[in-house]
Amino acid sequence: MVMGASGTLHVKLFRDLWRLRAQSLAIALVIAAGVGMVVMSFGMIRSLEATRDAYYDRYRFADVWAPLKRAPDSVMERVRRVQGVANAESRVTAAATLDIAGIAEPVAARIHSIPETGEPRMNTLVLRSGRWPDPLRPQEVLANEAFAKAARIVPGDRLSALLYGKQVELRVVGTALSPEYVYAVAPGQLFPDNRRFGTLWMARRPLAAALDLNEAFNEVLVQLEPGAHEADVISRLDALLAPYGGAAAYGRDEQISDRFVVNEMAELRTVVELLPPIFLGVAAFLLNIVLARLVDTEREVIGLLKAFGYRDRAVMLHYAELALLLALPGLVVGCLFGTWLGRSLAGLYQEFFVFPFLNFSAGADVYLIAVASTLVAILLGAIGAVRRAARLAPAEAMRPPAPPDFAGRLGRGIAAMRQVDEPTRMILRGLMRRPIRSLLAVTGLATALALYIASASATDNVERMIQLSFGVAQREDLSVTFAEPRDRRALFELARLPGVLRVEPFRGVSARLGAGSATKRQGLTGADAGGDLSRLVDLEGHVVEPPQHGVLLSGRLARDLRVGRGSLLEAIVTEGQRPTLILPVAGVVESPVGTSALLQRATLNRLLREGDTVSGAYLEVDPAQLPQLFRIMKETPLVAGVSVRSAIVRGVRDTVARNMGIVTLFNSGFAAMIVLGVVYNSARISLSERARDLASLRVLGFRRGEVAFVLLGEQAVLLLMALPFGILLGIGLSRYMAKRFSSDLYSIPVGFNPGTLADGVLVIAAAAVATALLIRMRVDRLDLVRALKTRE
């Protein structure tokens, strides 16, 4: 008997599922979007972590870097005896300027030595093509693979390099990858520009000879013993290497490539915390209104089931099973969609994070998390309708529900609107009849619009950051860095170069900043007051001049050091005479890019006890003279590096356009799914509730379009009500995401484009119109006889 009863309910279950197939599809699409985001985000975080850890471990990525001026090879024995050091290796490293055929600008490069045996013991290279350099052929080098591809360099090509003031001819014999350059960016930049910044590796002996470092080195790589305290080891290394010009050792947390990888994983965690709950919340709402309507229409059926002996538990289980079956397609499609999305994202990441391998692998527990979180949302959405079905007494359920009461003040007000036609009054009464449902529908539509605005405005925010950084702050055409600090007379040499219209100097020194127990490896920058080519700006675009006394800190740096205006800052300079400076904090500025500590150049020169010294200059140049100027700079020993602002901006925009375009496309689709789910389910339920009313209108002579106006007009009103809330919610969500996505490398300003808001409204409206057309087809096929026979 129990099995027979269970079989009967199962037959009803699958009949209900077939009858609700269209609404089930709408719910499934929303659930699929949420589940897909969970699988993609968690899986991508895991894949990046697993790939990074495996890569670092297999190719012996260093834990600590210790740059210095010059130390004899014999010092390495003392370095290896430092407590906490498991392994240590010295190397020679230098900045260089390359002249590459087909690229007008000077190309910045970093050159590292490799042992005579051909393979480093730490930061081991992955040979991708060609062969290792022959130690007997000093001009041979390996090139970073991404750089070689972007600059169209192949093994056998020759490069002209300006290395420590010397012109050197190099020959590329192979390409390689390094765990040290997973994210290869030029110093001071945010996005990789593999065409204009590259890494080379050459045999140690010729590189040391070019830098006058025979039987010496200028950088130490260290791997720590298990359980060793990094800060203690760094402190010991700094003390040991200080007599040799040690420039403050640092760990992985300050290694630029790894910092970008860690920041990307943090952004993925923000995505998984924010977006999936939105989709699953909307799915719970849709499931609630579908089951609530089903319970209302099946009151008599529920009463008959209970009258024939079905217990409350059986009825509750029946509707809970229906909720699970309605969501099952979304779960399956979401897991498949998330896997596909993760693999596609892995391919995109491989363009920026250069791993020898990056395979998307979510793992069974990630899918279980996605399924469990979805089941929680489903049960929360279904619990109200399920409990109402269980509470219905048989006698009460057999009676039709009381009709809605429109006798209140609001109902009488609607009835008194003689200037409004009857269909419009029906729309208003329908909205008033189910205020909570209407409010939730408005919330769902507003959420869809907010999701689109928040994702699309990310492009606006980055464009604002570019405009502030390269339109208001950095306005120079070229930024030139000298090989060594020079007397101010070097500026006159730059000014005499062809095409140079204006020169503004800067002075920079590396330092370790500290306040209490907090320390930060950060350079001090000295700039002239009233400078026009390079300026410090805040997130609002206001120019901030270097202070007359003290140091001006970026907001991110001030928070890291836990200092504010009026605090005292200790700055241990890690080059030259290595003085220790006590600097009052003159102010804190929220700047868009990086961390900075800014002083007046004259103040920094005085504190360093040096004359009118500069580290480089910002240039304004005549664009027509750029080719000739580039040719000269490629051959000028005075110049160690050249940055071209237009090339940087172009590279950033290309990167942002590609990445943000894909993200906006996906989120537009996700927003359309939410609109489809909310509008379609709301309209279908409204149609089932008002089928008798609509059929009566047809019998009374109303045309199909007028009848559809009653039903679709209600959805249009809900959409119009949702638009202002969606815009406000989208702006708030964009601000929140900009704050969460900001890191110690950059702060994302908020910059809204009215076109983005308009695009969001059009996307949501288009999705609503497409859904309305589907509903209109059902209204046109309305069975008048069957609808009129339906009891109120």
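Here the structure is shown first, and the text comes after it.
Starting afresh in each chain, residues are numbered from 1 along the sequence in its written order. In keeping with the predicted nature of the model, local features appear solely for residues at pLDDT of at least 70, side-chain atom pairs appear and are counted solely at 80 or more, and the whole-chain, interface and lining totals rest on all residues. Note: side-chain values were computed over all heavy atoms of the structure, leaving out hydrogens and water.

Secondary structure assignment for the protein chain yields 22 helices and 24 strands. Residue burial is assigned from relative accessible area. The probe radius is 1.4 Å, only protein chains are included, and a residue is buried under 20% of its type maximum, exposed over 50%, and partly exposed in between. Per-residue burial over the protein chain gives 54% buried out of 792 residues. In the protein chain, of all internal contacts separated by at least 6 residues, the share reaching a separation of at least 24 is 83%. Where accessible areas are quoted, they stem from the Shrake-Rupley method and a 1.4 Å probe; at the residue level, only the protein chains shown are allowed to cover. Roughly 35,000 Å² of accessible area belongs to the protein chain as shown, and the carbon and sulfur atoms make up 58% of that amount. Only DSSP runs of H or I reaching four residues or more are called helices, and only runs of E reaching two or more are called strands; each is numbered from the N terminus. The contact criterion used is simple: two residues touch if any of their non-hydrogen atoms lie within 4.5 Å.

Let us look at unusual backbone geometry. The backbone phi angle of Asn 123 is positive, close to 50°, even though this residue is not glycine. Positionally, Asn 123 belongs in the loop between β4 (107-114) and β5 (126-130). In this model, Arg 152 sits at a positive phi of 60°, which is unusual for a non-glycine residue.

Another point: the pairing of strand β2 (residues 85-91). With 5 of 7 residues buried, β2 is to be regarded as a mostly interior element. Being paired, for any two strands, means DSSP has found at least two bridges between them. The pairing of β2 with strand β10 (residues 216-224) spans 6 bridges and is classified as antiparallel. Across the sheet, Val 85 pairs through a bridge with Leu 224, a residue of β10.

Strand order in the open sheet formed by 4 strands is β2-β10-β1-β11, with antiparallel pairing between adjacent strands. Among the strands making up the open sheet, the edge pair consists of β2 and β11 (250-251). In terms of strand pairing, strand β1 (residues 64-72) meets β10 through 6 bridges, oriented antiparallel. Bridge pairing in β10 places Trp 65 opposite Leu 221. Axis angles are defined between N-to-C directions and span 0 to 180 degrees, where every axis is a line fitted to C-alpha atoms and, for a helix, only to the segment in contact. Packing against the sheet, helix α6 (residues 230-241) makes contact with β1, β2, β10 and β11, and its axis sits at approximately 10° to β1.

Turning our eyes to something else, we now look at helix α18 (residues 626-633). Of all the residues in α18, the buried ones are Leu 629, Phe 630 and Met 633. In a view along the axis of α18, the buried residues occupy a sector of 100°, so they form one face of it. Structurally, α18 contributes buried residues whose contacts are with β7 (158-163), β12 (478-487), β13 (500-509), β23 (613-621) and β24 (639-644). This arc corresponds to the set of directions leading from the helix axis out to the C-beta atoms.

Before going further, it helps to spend a moment on the pattern of salt bridges. What counts as a salt bridge is simple: a side-chain nitrogen of Lys or Arg found within 4 Å of a carboxyl oxygen of Asp or Glu. Summed over the entire model, instances satisfying the criterion amount to 28 salt bridges. We note a salt bridge from Arg 91 to Glu 219, for which the minimum N-O separation is 2.9 Å. Within this pair, whereas Arg 91 is found in strand β2, its partner Glu 219 is found in strand β10, the two being separated by 128 residues in sequence. Neither residue differs from the other here; Arg 91 and Glu 219 are each classed as buried. Across the salt bridge formed by Arg 475 and Asp 532, the nearest N and O atoms sit 2.2 Å from each other.

Before going further, it helps to spend a moment on the side chain of Thr 756. With respect to the secondary-structure elements, Thr 756 resides in helix α21 (residues 754-780). We classify Thr 756 as buried; its relative accessible area is 7%. Setting aside its immediate chain neighbours within four residues, Thr 756 contacts Tyr 452, Ile 453, Ala 456, Ser 457 and Asp 460.

This paragraph deals with the sheet that holds strand β16 (residues 524-527). Strand order across the open sheet formed by 11 strands is β15-β14-β20-β21-β19-β22-β16-β13-β23-β12-β24, with mixed pairing between neighbours. Looking along the sheet, the strands with just one partner apiece sit at the ends: β15 (518-521) and β24. In this sheet, adjacent strand axes meet at a mean angle of 30° when their direction is disregarded. Sheet topology note: the strand β19 (residues 551-554)/strand β22 (residues 597-600) ladder contains 2 bridges and is antiparallel. Across the sheet, residue Leu 553 finds its bridge partner in β22, namely Ala 597. Set on the sheet, α18 makes contact with β12, β13, β23 and β24; between it and β12 the angle comes to about 30°.

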